[in-house]
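Coordinate analysis (summary)
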Amino acid sequence: MAADTTELQRQAAHGSPTKIKTAMASAAGTCVENYDFVAYGTAAALYFGDVFFPSTDPVVGTLLAFATLAVGFVMRPLGGAIGGYLGDKYGRKPVLVGALLTMGIATVLIGLLPTYENVGILAPILLVIIRMIQGLAFGAEWGGAVMMTFEHAPWKKRGRFAAIPQAGNPLGITLANAAFLLSASLQTDWAWRLPFLASSVLIVVGLVVRMKLEESPEFEDSKASGDIVDNPLTTVIRNDWRNILRVISLRVVESCAYYVTATFLLSYITQNSDHGRTVGLTGIVIASLIAVPVTLLAGALTDHIGRRRMYLAGTIAVIVFGFPMFMLSNTGNAFLIVLVFVIGIGIIHAVFTGTQGAWFAELFRTNTRTSGASIGYQVAASISGFAPFLAVLLATKFGWAGGASLYVLVGVIGLLGVLNTRETWGPKERANVDAIIAGKSNTAPSEART
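Scope of this entry: the structure provided in the associated data block. (Residues numbered from 1 in each chain as written. Predicted model: local features only at pLDDT ≥ 70, side-chain atom pairs only at ≥ 80, totals over all residues. Heavy atoms only, no water.)

This brings us to a nonpolar patch on the surface. Together, Tyr116, Val119, Ile121, Leu122, Ile125, Ile129 and Ile133 give the surface a local cluster of nonpolar side chains, amounting to about 590 Å² of exposed area. Listed by contribution, the elements that provide at least two residues to the nonpolar patch are helix H5 (116-119) and helix H6 (122-152). Sorting elements by how many residues they give to the nonpolar patch places H6 first, with four residues. Summarising the element assignment, Ile133 is placed in helix H6. Relative accessible area serves as the criterion here: at 35%, Ile133 is assigned to the partly exposed category. (Patch = residues over 30% accessible without salt bridge, like charges linked within 9 Å, V, L, I, M, F, W, Y side chains within 5 Å. Areas by Shrake-Rupley, 256 points an atom, 1.4 Å probe, with all protein chains shown as cover. Salt bridge = Lys/Arg side-chain N within 4 Å of Asp/Glu carboxyl O. Helix = DSSP H or I, 4+ residues; strand = E, 2+ residues; numbered from the N terminus. Buried < 20%, exposed > 50% of the residue type's maximum accessible area, 1.4 Å probe, protein only.)

As structure tokens, then:
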């Protein structure tokens with residue numbers, strides 16, 4: 001027991017020797033995955049309505065483009081279930097490598113697709129199929145990356161470390177939108193093809209880095225002690241379904257609010273302003289750059305004040321900001337439009353993503369952690385994929401107030417989620433970890449949880 005206690009002390013106080021390398025590799029892959037997935041959203045808002053769904057009514061084309069965007073989100077729960085099962089059963093690392101490779105191939109193929117003008121109805125069919133593959137890969141990615149980093153980290157700094165792969169989200173978003181901003185001046189299909197083809201460089205880098213990772217020490221401990229369950233997916237659904245529902249409600253506010261801002265609002269501004277596309281893309285790029293340090297800061301702050309308080313602040317901000325966001329955008333003032341994206345993405349969204357990694361991981365035991373967190377996370381993402389589509393429908397009937405109301409509604413859903421989810425890193429948990437580091441306890445927080 002002394003040896004076990006010493007090892008537990010070491011893990012709690014220092015984490016694994018490769019914790020920083022693991023965090024950076026996870027972030028690199030998350031960056032690539034988000035570049036690929038978000039590139040589709042940007043292309044759907046700006047190009048795909050005309051390229052793949054030509055129509056005399058531009059609103060119809062936009063709706064159809066956003067519908068294919070949603071298809072990828074529908075596939076994400078399945079990807080999360082598969083990735084979670086494999087991650088809890090066979091290890092986190094194989095899932096990270098496989099998901100990134102699959103996503104990369106699908107994204108490059110989008111850049112090579114023929115258009116409706118070339119092959120007719122076959123073009124949107126191929127687009128939907130590839131989008132489904134993207135959704136599977138992206139669904140499998142998140143749980144492995146965040147859980148791997150979380151489990152390598154020192155226990156008192158898990159909020160900080162789990163935020164590192166989350167910071168890859170806005171970095172990937174930055175690169176994707178920057179690519180479209182740079183290619184926007186092109187007057188041919190290369191304006192949307194190049195950003196997809198360019199992702200091949202990022203994919204190679206991400207794969208090389210991830211192949212060198214070591215497996216999660218907590219997974220290895222569970223495997224050595226015989227704690228791996230036969231079917232982690234059914235086990236977590238049976239025993240932890242309440243926490244899965246909590247994760248869904250907490251994730252819905254983050255994801256829906258983001259896509260209303262970055263996809264619907266971008267499309268709205270583009271259609272109502274001569275320079276809306278350039279201003280909107282510029283705003284998203286600036287906001288995403290700001291979101292990287294804000295995400296890291298939010299994660300670090302949760303190590304000191306807890307996860308719940310940070311998320312509560314974010315949900316209240318969404319409820320308050322919903323209508324002002326569109327009012328500022330309606331001014332047509334470039335500075336104010338950029339400011340809207342900075343607040344919505346650079347601050348509010350970053351607070352959510354910086355908090356999620358550690359909070360969601362701590363709601364589940366090690367042997368079902370990837371499955372539980374991934375299912376909740378990706379089911380919410382599938383719901384969120386319809387946010388731009390629903391926002392367009394609401395705006396068609398109620399004007400900009402329809403989109404604003406949807407934004408506020410998801411804030412209320414998130415607030416209810418926060419109020420019904422326990423704090424996982426409060427004074428009691430911090431005291432328990434201090435006792436482990438001091439050698440006065442050998443019970444890990446996940447083992448003490450009922």
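The subject of this paragraph is empty space enclosed by the protein. A full pass over the atoms with the stated rule returns two cavities of 30 Å³ or more. Empty space within the largest cavity amounts to approximately 200 Å³. Every residue lining the largest cavity is counted, 18 residues in all, and those nearest its centre are Asn34, Phe138, Asn169, Arg251 and Tyr377. Counting residues per element, the ones that place at least two in the lining of the largest cavity are helix H2 (19-51), H6, helix H7 (158-183), helix H10 (232-272) and helix H13 (334-362). (1 Å grid on protein atoms, 1.4 Å probe; cavity = no way out; pocket = protein on both sides within 12 Å on 5 of 7 lines; lining within 4 Å. Points joined across faces, edges and corners; volume = space filled by probe spheres on them.)

Moving on: the pattern of salt bridges. Taken as a whole, this structure holds eleven salt bridges when the rule is applied. For Arg210, the salt bridge is made with Glu141, and the minimal N-O distance between the two is 2.7 Å. With a gap of 69 residues between them, Arg210 in helix H8 (residues 190-211) and Glu141 in helix H6 connect regions that are remote in the sequence. Exposure class is identical for Arg210 and Glu141. Each is buried.

Attention now goes to the nonpolar core. Counting residues in each nonpolar core, the largest one holds 93 residues, and the members touching the most others are Phe48, Phe52 and Phe360. Ranked by residue count, the leading element in this core is H10, at 19 residues. Filtering out sequence-adjacent residues up to four positions away, Phe52 remains in contact with Leu113, Pro114, Thr115, Tyr116, Ala123, Pro124, Leu127 and Trp192. Formed by six residues, the second largest nonpolar core is a distinct cluster that contains Leu8, Ala12, Trp155 and Trp425. (Core = buried A, V, L, I, M, F, W, Y, C linked by side-chain atoms within 4.5 Å. Contact = heavy atoms within 4.5 Å.)

Bringing the packing of aromatic side chains into the picture now. In total, this model carries 18 aromatic pairs according to the counting rule given. Ring plane angle 65° and centroid distance 5.6 Å describe the contact between Phe52 and Trp192, whose orientation is recorded as edge-to-face. Taken together, the positions of Phe52 in the loop between H2 and helix H3 (58-90) and Trp192 in helix H8 put the pair 140 residues apart, joining distant regions of the chain. Taken as a pair, Phe52 and Trp192 share a single burial class, namely buried. The interplanar angle of 70° and the centroid separation of 6.4 Å between the aromatic rings of Phe360 and Tyr377 together place this pair among those described as edge-to-face. With Phe360 in helix H13 and Tyr377 in helix H14 (residues 369-384), the pair connects residues that are 17 residues apart, well separated along the chain. An identical accessibility class is assigned to Phe360 and Tyr377; each is buried. (Phe/Tyr/Trp six-rings, centres within 6.5 Å; stacked < 30°, edge-to-face > 60°.)

Right, let's talk about the packing of H10 against helix H12 (residues 307-330) for a bit. Helices that pack against each other are described as a pair by the angle of their axes relative to one another and the distance between those axes. One can describe the packing of H10 onto H12 by two numbers: an axis separation of 11 Å at closest approach and a directional angle of 15°. With respect to each other, H10 and H12 are oriented roughly parallel. In this structure, the crossing between H10 and H12 has a hand that is left-handed. Residues Leu250, Arg251, Val253, Glu254, Ala257, Val260, Thr261, Phe264, Leu265, Tyr268 and Ile269 of H10 form the contact with H12, whose own contacting residues are Tyr311, Thr315, Val318, Met325, Phe326, Ser329 and Asn330. (Axes fitted to C-alpha atoms, helices over the stretch in contact; angles between N-to-C directions. Parallel < 35°, antiparallel > 145°, perpendicular 65-115°, else oblique. Left-handed = near helix turned anticlockwise from the far one by under 90°.)

Moving on, we get to the side chain of Ser329. Its location among the elements puts Ser329 in helix H12. Leave out the neighbours within four places in its chain, and Ser329 touches Leu265, Ile269, Ile337 and Val340.

So, on to the packing of helix H15 (residues 387-398) against helix H16 (residues 400-419). Two numbers describe how H15 lies on H16: the axes approach to 6 Å, and their chain directions differ by 140°. Classified by the interaxial angle, the pair formed by H15 and H16 is oblique. Two packed elements cross with a definite hand, and for H15 against H16 that hand is right-handed. Contact residues: H15 offers Ala387, Leu390, Ala391, Leu394 and Phe398, while H16 offers Trp400, Ala401, Gly402, Gly403 and Leu406. In the contact of H15 with H16, the residues fall into eight nonpolar, two polar and no charged. (Nonpolar A, V, L, I, M, F, W, Y, C, P; charged D, E, K, R; others polar.)

Let us look at H2. Between its first and last C-alpha, H2 extends 45 Å over 33 residues, near the 48 Å set by a 1.5 Å rise per residue. At Ala44, H2 shows its maximal bend, which comes to roughly 60°. Among the 33 residues in H2, 28 count as buried, and that is most of the element. (Expected span 1.5 Å × (residues − 1). Bend = angle between axes of the 7 residues up to and from the residue.)

The analysis is restricted to geometry; functional conclusions fall outside its scope.
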